[in-house]
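# Residue-level structure breakdown
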Amino acid sequence: AVVSTQSTGTLEREIENLIQTEQSEKAAVSEEVVLDSTAVERKRAISEEEREEEVDLYAEHARISEEKKRKKRKKKKGIAVLSEDPTLMATGEEEEKRGITYKIMKNKGLTPHRKKEQRNPRVKHRKKFDKALKKRRSQIPDLREQGGSYGGEKSGIKSALTKSTKLR
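Residues numbered from 1 in each chain as written. Predicted model: local features only at pLDDT ≥ 70, side-chain atom pairs only at ≥ 80, totals over all residues. Heavy atoms only, no water.

Quick look at the overall build of the protein chain now. The helix and strand tally for the protein chain stands at 5 helices and 0 strands. In the protein chain, the succession of helices and strands from N to C terminus is α-α-α-α-α. Classification of the 168 residues of the protein chain by burial places 5% in the buried group. Working note: accessible area of the protein chain is about 17,200 Å², and carbon and sulfur atoms make up 54% of it. (Helix = DSSP H or I, 4+ residues; strand = E, 2+ residues; numbered from the N terminus. Buried < 20%, exposed > 50% of the residue type's maximum accessible area, 1.4 Å probe, protein only. Areas by Shrake-Rupley, 256 points an atom, 1.4 Å probe, with all protein chains shown as cover.)

The structure is reproduced here in structure tokens:
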């Protein structure tokens, strides 16, 4: 029981010391704040001017970005973008002609869907050649050179297969 009373007493002293140091730090900070109040007011005035400039700059960039997006959307739809001011097109103050689309320009009509390789002649012919090679290999076996003595047929002898012509 004696040990616990001594430890609580030391804890109380440590807590009091911490509270005193915090209060002294707060007092020092408040003195600095009073001394620097004029500097803070100057900073606020400068920062307000800078904020106004930043807001104007942001608004300008937002407007430019929106204009670019509008042009991109119209270009994607196939409409010619002639006016820099987006309000002119909306209100109809200037009469503008609609730009032609890719579909109108090409005037292809109905065309069947084709594979991607059909649109590239080099790839198309390469695939065609590979196909012809595979077809030929199945018809005519490749020539193999024999090394050393005769070892029989490579694929084995098929008893049911006859490769001969009947004479009549």
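Attention now moves to the pattern of salt bridges. Applying the stated criterion across every chain yields a total of 3 salt bridges. Measuring nitrogen to oxygen at the nearest pair gives 3.6 Å for the salt bridge that ties Arg-73 to Glu-66. Overall, the relative accessible area of 44% leaves Arg-73 in the partly exposed class. A salt bridge links Arg-70 to Glu-67; its shortest N-O distance comes to 2.7 Å. Remark: Glu-67 and Arg-70 occur in helix H2 (residues 37–77); sequence separation between them is 3 residues, near one turn of the helix. Neither Arg-70 nor Glu-67 differs from the other in exposure class; each is buried. (Salt bridge = Lys/Arg side-chain N within 4 Å of Asp/Glu carboxyl O.)

This brings us to a positive patch on the surface. Together, Arg-122, Arg-126, Lys-127, Lys-134, Arg-136 and Arg-137 line one region of the surface with positive charge. Here Arg-122 shows up in helix H5 (residues 121–139). (Patch = residues over 30% accessible without salt bridge, like charges linked within 9 Å, V, L, I, M, F, W, Y side chains within 5 Å. Lys, Arg positive; Asp, Glu negative; His and termini not counted. Charge placed at Lys NZ, Arg CZ, Asp CG, Glu CD.)

On to unusual backbone geometry. The residue Asn-107 is not glycine, and still its phi comes out positive at about 50 degrees. Summarising the element assignment, Asn-107 is placed in the loop between helix H4 (102–106) and H5. The exposure class of Asn-107 is exposed, given its relative accessible area of 64%.

Next up on the list: the confidence of the model for the protein chain. Per-residue confidence for the protein chain gives a mean pLDDT of 78, with 73% of residues at or over 70. Least confident of the elements in the protein chain is helix H3 (residues 86–91), whose mean pLDDT is 48; most confident is H5, at 94. A low-confidence stretch, residues 86–91 (pLDDT under 50), is modelled with 10 contacts involving residues beyond four sequence positions or located in other chains. (pLDDT = per-residue confidence, 0-100. Contact = heavy atoms within 4.5 Å.)

Its 19 residues place the ends of H5 27 Å apart at the C-alpha level, agreeing with the 27 Å of an ideal helix rising 1.5 Å per residue. The buried fraction of H5 is low, at 1 of 19 residues. (Expected span 1.5 Å × (residues − 1).)

A surface patch of nonpolar side chains, about 460 Å² in accessible area, is lined by Ile-100, Tyr-102, Ile-104 and Met-105. Mapped onto the secondary structure, Met-105 falls in helix H4. The class of Met-105 is exposed, set by a relative accessible area of 52%.

Take a negative patch on the surface next. On the surface, a cluster of negative charge is made up of Glu-48, Glu-49, Glu-50, Glu-52, Glu-53, Glu-54 and Asp-56. Considering the arrangement of structural elements, one finds Glu-52 in helix H2.

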